[in-house]
Amino acid sequence: MAVGPEDVSHGKEVPGLFDLPSSDMSTMRIAIAGTGGLARLIAHYINQDTSHHVIFLSRSDKPPLAAKGYQVTVVDYDDADSLKYALRGIDTVISTVTGPSQIELIKAAVSVRVRRFAPAEFEGLSQLRPANDPLDRQRSLALHWLNHYSQFIQSTKFVCGVLYERLQPGGLTQSSIGHTSGFSGEGDYIMNCRTMEANVPAYDADNNSSVAICMTAAQDVGRFVTKAIDLKQWPAELRMSGQRILVKDLVATVSRLKGQVFDPITWHNPASLRSELQLAAAQQDTARGTRIQTLIATANGRYDFSQPNLNRAFPDIRPISFNDWFVAKWSGQQ
């Protein structure tokens, strides 16, 4: 059963309240690291809904972005001086890059006194990432550095759960999102909505079919992030949710909307997924192992959270429902 973003799952209330934006917020220079689909959506809404100036940080020239009037600054993430030069006069950095590049970006931002930094999270709860998580891509290290520099730079983690776009034709890749993650293709997460095959992490460790996920459309992530820029204070986490749904009900919803039955379909709990992971390792199937890791994270509740504080702070943003989004994306598809 799908429930609204106000409904709660396991987890605690996000501590503290933050002030809503004032009416006299000055124009800020916002640097967005990366030029993929999510970065472009965030930039679009900043450009459309605010007076702030967006600068893309890119490894190479991007004529299509420049043609749209955006400033694109080419940076070398291996060159600290290049990053420091690009960040001078920047108020806020929103990162969509991971790995060593993000670490160097954080250090450069602190060096030139950037006020705020949002790391490349945009998924589930970072505190539920295990040590040596193969899906981490040095994001935990980035959070460590931001905590280390917390007296010099303010930061927040944008938590949105699973992007709807994982289940669109072409997967996240179609929207130029997550290409370095190893699980951005069509059918890489839970189900293939074209071939109607599914591996479903619906059961918890006690074999209850209670595993749930929060999901959000990428466009709504862009809208919420844009609103958050003008908040006077950033708490440790800024959570948003388009819809919370039990995984078993998500499968049923897709089956109903497509008018097709999933076949084959395999239902999993954490133990069965660990067995699948061992088999993938024995077969040296790294890609399959990565996909299974995402299912294990799902079964362990990483993408299910309570109290989406951005939804409460900005009730004027009405996130698109999964049903409406799915019908629009798959209409006319085979």
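Now for a description of the structure that goes with this document. Quick caveat, the model's predicted, so the values are computed rather than measured.

Time to look at unusual backbone geometry. Among all residues save glycine, negative phi is the norm, and among peptide bonds the norm is trans. Along the chain, D263 connects to P264 via a cis peptide bond; the corresponding omega equals 10 degrees. Looking at the element boundaries, P264 is found in the loop between α8 (247–258) and β15 (265–267). Positive phi outside glycine occurs at R137, with the angle close to 55 degrees. Looking at the secondary structure, you find R137 in the loop between β6 (116–118) and α5 (139–148). Exposure remark for R137: the relative accessible area of 24% places this residue in the partly exposed category.

What follows is about the environment of I296. Checked against the element boundaries, I296 lands in helix α10 (residues 286–299). Each C-alpha atom of the pair I296 and A236 lies 25 Å from the other, and the pair is 60 residues apart in sequence. Ignoring sequence-local partners within four residues, the contact set of I296 consists of L273, R274 and L277.

Strand pairing within a sheet occurs via backbone hydrogen bonds; the two strands may be parallel or antiparallel. Strand order in this open sheet of three strands is β10-β11-β15, and the pairing throughout is mixed. A single partner strand is all that each edge strand has here, and the edge strands are β10 (191–192) and β15. With two bridges connecting them, β10 and strand β11 (residues 197–200) associate as antiparallel partners. Among the inter-strand pairings, M191 is bridged to a residue of β11, identified as A198.

Now for the sheet that holds strand β3 (residues 53–58). One open sheet holds the six strands; their spatial order is β4-β3-β2-β5-β6-β7, and the pairing between them is parallel. The strands lining the two open edges of the sheet, one partner per strand, are β4 (71–74) and β7 (154–155). With four bridges joining them, β3 and β4 adopt parallel strand pairing. Along β4, the bridge assignment pairs S58 with V74.

A few words on the pairing of β3. Burial analysis of β3 places five of its six residues in the buried class, which makes it a mostly covered element. Pairing between strand β2 (residues 29–33) and β3: five bridges, direction parallel. Residue pairing in the sheet places I32 in a bridge with F56 of β3.

So, about the packing of aromatic side chains. Considering all chains together, one arrives at 12 aromatic pairs under this definition. Centroid distance Y189 to Y303: 6.5 Å. Interplanar angle 90 degrees. Geometry classified as edge-to-face. With Y189 in the loop between α6 (171–174) and β10 and Y303 in the loop between α10 and α11 (309–313), this pair connects stretches of sequence that are 114 residues apart. Since its relative accessible area comes to 3%, Y189 is described here as buried. Ring pairing ties together the aromatic residues Y164, F322, W325, F326 and W330, which thus form one cluster. Directly above the aromatic system of W234 lies the positively charged group of R116, at a separation of 4.6 Å from the ring centroid.

About the thresholds
- Residues numbered from 1 in each chain as written.
- Predicted model: local features only at pLDDT ≥ 70, side-chain atom pairs only at ≥ 80, totals over all residues.
- Heavy atoms only, no water.
- Helix = DSSP H or I, 4+ residues; strand = E, 2+ residues; numbered from the N terminus.
- Buried < 20%, exposed > 50% of the residue type's maximum accessible area, 1.4 Å probe, protein only.
- Contact = heavy atoms within 4.5 Å.
- Pairing = 2+ DSSP bridges.
- Phe/Tyr/Trp six-rings, centres within 6.5 Å; stacked < 30°, edge-to-face > 60°.
- Lys NZ or Arg CZ within 6 Å of the ring centre and 35° of its normal.

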